[in-house]
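What follows is each chain in one-letter form.
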Amino acid sequence: MPACYFCIHGHLYQPPREDPFNGHIPREPDAAPYANWNERITAECYAPNAEAGNFGHISFNLGGTLARWLDRHAHDTYARIVAAERAHQAAYGLGNGLAQPVHHTILPLARRRDKICQIRWGIGSFAHRFGHAPTGMWLPEMAVDYETLEIMAAEGIRFTILSEEQVQGDLDAGAGPYRVRLHSGKEMAVFVRDQALSNALSFGMPDPAYVDEWLRDQVRWRCRQDRLLLIATDGETFGHHHPQGATVLSHILKAGNDHNYDLTTLGVYLQQHPPLAEVKVNENTAWSCAHRLDRWVIGCGCTPGNSHWKGALRRALDNLACDLDAVYMSEAKRLGADAWSLRDGYNVVILGKVDGPTFLAEKGLTNLDLRQQDRLLALLEAQFHRQRMYASCTFFFDDLERLEPHYAIANGVRALALTRYATGEDLLHAFCRDLRVAVSERTGCTGADILADILERAEI
């Protein structure tokens, strides 16, 4: 009998890099010799792992923005990942893929209605691509609060993954799963990753020749009879962060007999081992910041230098989002539509399952003339770009002049341009005013300077 069950979870995600005005990713020089980071990371990580068959034996989540890009630009790799997950579903009655809130928003910082939208769009994206409903959901940056868990449970999600410092309680059951009681009376199962082991692989990956030695030193002594040992880390660890990553992962997935562990995946393990112990969640915490959620709000010691631009940029985006929402709600009400229910369902248009007019007709809005349909669809598209502003990478790094804040501001510009087209409301002046307060310590560039560059390129 094996000493333990062992699962590796890979979190696969890239932010929305496309220029929101033309749909193309601009050249990213740091990704050379590739045109952009999506191409480079695909070549280094996603493609070799797909070709090696690794996706059929790990637990993973494939972020919606990355899945969309892979489907269009690296379809063979995308098809292999999807086929591996579907094969797991066919073999075990449960998939090994988890859903993800679609734009990787830090959900505890979002309004309730935006949490609902991100979760529903993430579930819809997963079901569209993998052909079945998800049982688990990855939380962006593992950022958690009880309201988010309540919404996930209401949408049919049964489990998620957290890190040891994010829960309170006896963790004698290893990775769990553990029961989290919610205020509504519902429950959420939580798997708790082994932080030290996950970091040992993420930051100290061995050379392929020494994988067995690493397993003896790092894994074997942690194994406990009939307990789950869980590594959860960025999927990009296996090939992008470490060139030998795909080879090392393949070796680990095949070495169970030699090192006395049985591979499993999280949905299967949950079905076989329902939660017995209970834990509480430490709200407003994340796996990648020791300062609660400060990294994405005001800045903290996790990113060097002066991060005051983060608070200023968030304020500018929040003010713009509030203005966009007000215009959208007013127009939706005037046209007899339920604004937020309509937005939650709009994912079918984004995924290309139906066109805009058909979507409105299916929602009972058959009384709208062509001009009214056009206005409402433009405002829904604006809401799509408004959601994209809040991808976690916008605030993750240390400098305002990185590509990620630029992409967020560009999506804001696209949202306000669509709103002006639909209604005549011009929100640009207020956005520019707020962005002047966000300043790069490194160069002195402001968010308003970035905005001006985007406007010039987009010829607005």
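Our subject is the structure listed above.
Calculation rules
- Residues numbered from 1 in each chain as written.
- Predicted model: local features only at pLDDT ≥ 70, side-chain atom pairs only at ≥ 80, totals over all residues.
- Heavy atoms only, no water.
- Pairing = 2+ DSSP bridges.
- Helix = DSSP H or I, 4+ residues; strand = E, 2+ residues; numbered from the N terminus.
- Axes fitted to C-alpha atoms, helices over the stretch in contact; angles between N-to-C directions.
- Parallel < 35°, antiparallel > 145°, perpendicular 65-115°, else oblique.
- Left-handed = near helix turned anticlockwise from the far one by under 90°.
- Contact = heavy atoms within 4.5 Å.
- Nonpolar A, V, L, I, M, F, W, Y, C, P; charged D, E, K, R; others polar.
- Expected span 1.5 Å × (residues − 1).
- Buried < 20%, exposed > 50% of the residue type's maximum accessible area, 1.4 Å probe, protein only.
- Arc of directions from axis to C-beta.
- Salt bridge = Lys/Arg side-chain N within 4 Å of Asp/Glu carboxyl O.
- Disulfide = S-S within 2.5 Å.

Asker: A description of the sheet that holds strand β7 (residues 187-193) should follow, citing residues and the corresponding values.
Answerer: Taken in spatial order, the three strands line up as β4-β7-β6 in an open sheet, and their pairing is mixed. The sheet is open, and its two borders are formed by β4 (159-163) and β6 (178-181), each paired with just one other strand. Taking each pair of neighbouring strands and ignoring which way they run, the sheet shows an average axis angle of 40°. Sheet topology places β4 next to β7; five bridges connect them, and they run parallel.

Asker: Tell me what's going on with the packing of helix α11 (residues 308-334) against helix α18 (residues 428-435), and back it up with residues and numbers.
Answerer: Running from N to C, α11 and α18 point in directions that differ by 165°, and their axes come no closer than 8 Å. On the basis of their axis angle, the class for α11 and α18 is roughly antiparallel. In this structure, α11 meets α18 at a crossing whose hand is right-handed. Across the interface between the two elements, Ala312, Leu313, Arg315, Ala316, Leu317, Asn319 and Leu320 of α11 pack against Phe431, Asp434 and Leu435 of α18. Counted by class, the contact of α11 with α18 contains seven nonpolar, one polar and two charged residues.

Asker: Can you lay out the packing of helix α17 (residues 403-423) against α18 for me, pointing to particular residues and giving the numbers?
Answerer: Close contact between α17 and α18 brings their axes to 10 Å; oriented N to C, the two are set at 160°. Taken together, the axes of α17 and α18 are roughly antiparallel relative to one another. Viewed along their axes, α17 and α18 form a crossing whose handedness is right-handed. Contacts between α17 and α18 involve Ile409, Gly412, Val413 and Leu416 from the former and Leu428, Phe431 and Leu435 from the latter. Residue composition of the contact of α17 with α18, grouped by class: six nonpolar, one polar and no charged.

Asker: Go over helix α3 (residues 75-92) with me, naming the residues and quoting the values.
Answerer: Between its terminal C-alpha atoms α3 stretches 26 Å, which fits the 26 Å expected from 18 residues at 1.5 Å a residue. Within the sequence span of α3, burial applies to Thr77, Tyr78, Ile81, Val82, Ala84, Glu85 and His88. The buried residues of α3 occupy an angular sector of 150° when projected down its axis, which confines them to one face. Exposed side chains of α3 directed beyond 90 degrees from the buried face belong to Asp76, Ala90 and Ala91. Its buried side turned inward, α3 meets α1 (37-51), β2 (59-62), α2 (64-73), β3 (97-98), α4 (112-130) and α10 (266-272). Looking one or two residues past α3, Gly93 carries a phi angle of roughly 80°, positive in sign.

Asker: Quick rundown of the pattern of salt bridges? Include the residues and the values.
Answerer: A side chain of one charge can pair with a side chain of the opposite charge if their charged atoms are brought near each other. Per the stated rule, a full pass over the model turns up 28 salt bridges. Between Arg442 and Asp399 there is a salt bridge, and its shortest N-O distance comes to 2.8 Å. One end of the pair, Arg442, is in the loop between α18 and α19 (447-458); the other, Asp399, is in the loop between α16 (393-396) and α17, and 43 residues separate them in sequence. Exposure remark for Arg442: the relative accessible area of 62% places this residue in the exposed category. Across the pair Asp453 and Arg457 runs a salt bridge, and its minimum N-O distance is 2.9 Å. With a gap of four residues between them, Asp453 and Arg457 both fall in helix α19, about one helical turn apart. Exposure remark for Asp453: the relative accessible area of 27% places this residue in the partly exposed category. Connected via shared salt-bridge partners are Arg111, Arg113, Asp114, Asp325, Arg343 and Arg386.

Asker: Could you give an account of the state of the cysteines, with specific residues and numbers?
Answerer: As enumerated under the stated definition, the model contains one disulfide in all. Each disulfide pairs two cysteine sulfurs, and for Cys4 the partner residue is Cys223, the sulfurs being separated by 2.2 Å. Here the residue Cys4 occupies a position in strand β1 (residues 4-12), and Cys223 occupies one in the loop between α7 (211-219) and β8 (228-234), the gap between them amounting to 219 residues. For Cys223, a relative accessible area of 12% translates into the label buried. You can see Cys302 has no disulfide; the closest cysteine sulfur is in Cys300, sitting 3.8 Å from it. Summary of cysteine pairing: Cys393 is not part of a disulfide, and the nearest cysteine sulfur, belonging to Cys289, is at 14 Å. The class of Cys393 is buried, set by a relative accessible area of 13%.

Asker: Requested: an account of unusual backbone geometry, with residues and values cited.
Answerer: With an omega of 10°, the peptide bond between Ala32 and Pro33 qualifies as cis. Looking at the element boundaries, Pro33 is found in the loop between β1 and α1. Phi is positive for Met142, close to 55°, though the residue is something other than glycine. Among the secondary structure elements, Met142 is positioned in the loop between α4 and α5 (146-154). On the accessibility criterion, Met142 (0% relative accessible area) is buried. Positive phi outside glycine occurs at Asp226, with the angle close to 60°. Considering the arrangement of structural elements, one finds Asp226 in the loop between α7 and β8. Residue classification places Asp226 among the partly exposed positions, given a relative accessible area of 30%.

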